[in-house]
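Structural overview
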Amino acid sequence: MTFKVDSNGYYGQYGGAFIPEMLYPNIQQLKQSYLQIIGSSAFQNEFQQLLKYYVGRPTPLYFSHRLSKKYGTKIYFKREDLCHTGAHKINNTIGQILLAKYMGKDRIIAETGAGQHGVATASVCALMGVKCIVYMGSVDIKRQSPNVARMKMLGAEVRAATSGSKTLKDATNEAIRDWINNPEKTHYIIGSVVGPHPYPDMVSRFQSVISQELTHQLEFLEGRSFPDYLVACVGGGSNAAGLFYHFLDNPKVTIFCVEAAGHGVNSGKSAATTQLGRPGIIHGSKTLLMQNADGQIQEPHSISAGLDYPGVGPLFAHLKDTKRAHFRAVSDRDAMLWGLELSKMDGIIPAIETSHALGVLESEKFNKDDIIVFGCSGRGDKDLDTYINYFEL
Ligand SMILES: *Cc1c(COP(=O)(O)O)cnc(C)c1O
């Protein structure tokens, strides 16, 4: 069994490139050039330099003494929250802005939900001095105003998506429309392991720096290069894909993916895509998708904007089908409480997305000597208002 993409862009039955004809040349160019560009030593030199001096990599692998003692097992956090701009998303935007440069594109478009991917994209566009347009649902523009201000300050233009539910999937539709209208000089930086082939594979490769570092850090700290358990939250799946990448073929590593249950998996207000979804096509890719009997997309709900997506990267649909990964869903309420727990126990205020992952400490049994690595995908600054209102701080 393989968990790498095949030459047609599929993970098992999921993936592919279901795109309008107008986008065919763009996707074709990307497909034909991405492996060669990413594999070149010129690209790798620039990528590694920026990851080190701009992003601040390698990120620490941090052992939590207090949580380990309390839950009777060995708990580590891979600290992507310490990346520049506060989350793992910058690993991917650095990779894609360089790719755009090598392909001769000087106009960047992106979609964003909570604004984290928008800020990461606007930052690397400023870094490279290229034009940046970020599509964002008008509802999200209102509720994520600090990130809108950040993007503007970084020189990006924020354009409102006013169709549908006026959130992430609508912003993605607008970005795709823009790309169709501006095929020549524009590169579309997708923010997760979603979209048509080769995006899921390309974004996974850029994020795989996380598991690459982890193998060395575990070897140094524990004398072996792999953990017993890996745990990550899954929205589209990019932080999870990065954490798992070098361990997917190692059966000794047990993998947990944690989705957002929202108000409860069967409450009608949930984003537990792999539990509720059926195969369908969203944003150019065949994957598990929350939809009603007519195939209309079901609006997702999660308290964390980063997990509030009705689909999931095709790799994760495959991990679910093959049972390579175990899927769990953690509610809004439990995620908030786990966020508080990590804050009080370790002095780390996590993004609410990240907080979901900790739910396995309650739902699963671990042994004293087990090594568990959590992906700490982002910091909680962006969520402070939500924490304040929820806990009446
Ligand atoms: C965007 C985001 C996520 C969800 O996206 P993935 O592609 O599933 O990683 C998770 N955590 C944080 C902090 C994010 O900003």
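The structure contained in this document is the topic of the report that follows. Computed from a prediction, not measured in an experiment: that's the story for all the values here. (Residues numbered from 1 in each chain as written. Predicted model: local features only at pLDDT ≥ 70, side-chain atom pairs only at ≥ 80, totals over all residues. Heavy atoms only, no water.)

1. Quick word on the pairing of strand β12 (residues 285–289)
What counts, and what does not: Partly exposed residues are those whose accessible area sits between 20% and 50% of the maximum for their type, while under 20% is buried and over 50% is exposed, using a 1.4 Å probe and protein chains only. What counts as a helix is a DSSP run of H or I of at least four residues, what counts as a strand is a run of E of at least two, and both are numbered from the N terminus. Paired strands, as defined in this entry, are two strands with at least two bridges between them according to DSSP.
Of all five residues in β12, four are buried; the element is thus mostly enclosed. Examined bridge by bridge, strand β11 (residues 278–282) and β12 share five bridges and lie antiparallel to one another. Bridge pairing in β12 links Ile282 to Ser285. Here β11 folds back onto β12, and the loop between the two strands holds two residues, one of which, His283, carries a positive phi near 45°.

2. Some points on the layout of surface pockets
Using the following cut-off: As defined here, a cavity is a set of points on a 1 Å grid over the protein atoms alone where a 1.4 Å probe fits but cannot get out. A pocket is an open set with protein on both sides within 12 Å along at least five of seven lines, and residues line them when an atom is within 4 Å of a point. Grid points are joined across faces, edges and corners, and a volume is the space filled by probe spheres set on the points. By the convention adopted, Pro, Cys, Tyr, Trp, Phe, Met, Ile, Leu, Val and Ala count as nonpolar, Lys, Arg, Asp and Glu as charged, and the other residues, Gly among them, as polar. Boundaries of every domain are those given by an automatic assignment or by a domain database.
Size it by volume and the largest pocket reaches roughly 610 Å³. What lines the largest pocket is a set of 49 residues, and nearest its centre among them are Lys89, Glu111, Leu168, Gly191 and Ser192. Those elements that provide at least two residues to the lining of the largest pocket are β5 (107–112), α5 (116–128), α8 (168–181), α11 (238–244) and α15 (352–357). Residue composition of the lining of the largest pocket, by class: 21 nonpolar, 22 polar and six charged. The two domains that each donate at least three residues to the lining of the largest pocket are domain 1 (11–50 + 89–196) and domain 2 (56–87 + 204–391). Considered as a void within the structure, the second largest pocket measures approximately 420 Å³ in volume. Taken together, 20 residues make up the lining of the second largest pocket; nearest its centre are Arg143, Gln144, Lys382, Asp383 and Thr386. Elements that contribute at least two residues to the lining of the second largest pocket include exactly α7 (145–153), α15 and α17 (384–391). Residue classes in the lining of the second largest pocket are distributed as six nonpolar, six polar and eight charged. No fewer than three residues from each of domain 1 (11–50 + 89–196) and domain 2 (56–87 + 204–391) sit in the lining of the second largest pocket.

3. Quick notes on the sheet that holds strand β10 (residues 254–262)
Applied cut-off: All axes here are fitted lines through C-alpha atoms, helices being fitted over the stretch that makes contact, and every angle between N-to-C directions spans 0 to 180 degrees. Working rule for contacts: check all heavy atoms of both residues, and any pair within 4.5 Å makes them a contact.
Ordered by their spatial adjacency, six strands build an open sheet running β3-β4-β14-β9-β10-β13, and the pairing between neighbours is mixed. In this open sheet, the two strands that pair with only one neighbour each are β3 (61–63) and β13 (325–331). Taken pair by pair, the neighbouring strands of this sheet meet at an average axis angle of 25°, ignoring direction. With six bridges connecting them, strand β4 (residues 74–79) and strand β14 (residues 371–376) associate as parallel partners. Each bridged residue has a counterpart across the sheet, and for Phe77 the counterpart in β14 is Phe374. Against the sheet, helix α10 (residues 209–222) engages β3, β4, β9 (229–233) and β14, with an angle of about 140° to β4.

4. With respect to unusual backbone geometry
For the bond running from Arg57 to Pro58, omega is 0°, close enough to zero to count as cis. Geometrically, the link from His197 to Pro198 is a cis peptide bond, its omega value of 15° lying close to zero. As for its placement among the helices and strands, Pro198 is situated in the loop between β8 (186–189) and α9 (199–207). The backbone of His283 sits at a positive phi, close to 45°, despite the residue not being glycine.

5. Thoughts on empty space enclosed by the protein
For the structure on display, the rule yields two cavities of 30 Å³ or more. When its volume is computed, the largest cavity comes out at roughly 60 Å³. Contributing to the lining of the largest cavity are Phe3, Lys4, Val5, Tyr11, Asp201, Ser204, Ala241, Tyr245, Leu248 and Leu315. A class-by-class count of the residues in the lining of the largest cavity yields seven nonpolar, one polar and two charged. A volume near 30 Å³ is recorded for the second largest cavity. Lys78, Glu80, Ile210, Asn239, Leu243, Gly375, Cys376 and Ser377 are the residues that line the second largest cavity.

6. Overview of the packing of aromatic side chains
Going by this rule: Ring geometry is summarised as follows: Phe, Tyr and Trp rings, the Trp one being its six-membered ring, pair when their centres sit within 6.5 Å, and such pairs are stacked at plane angles under 30 degrees, edge-to-face over 60 and tilted between the two.
Within this structure, the stated rule accounts for 15 aromatic pairs. Between Trp179 and Tyr188 the ring centres are 5.8 Å apart and the planes differ by 75°, which places this aromatic pair in the edge-to-face class. Just as Trp179 is buried, Tyr188 falls in that class too. Taken together through their ring pairs, the aromatic side chains of Phe43, Phe47, Tyr102 and Phe206 make up a single cluster.

7. Concerning the state of the cysteines
The test is simple: A pair of cysteine sulfur atoms is labelled a disulfide when the two atoms are within 2.5 Å.
Going through the model one piece at a time under the given rule, you end up with zero disulfides. Just so you know, Cys376 is unpaired, no disulfide at all, and the nearest cysteine sulfur is the one on Cys233, 9.3 Å from it.

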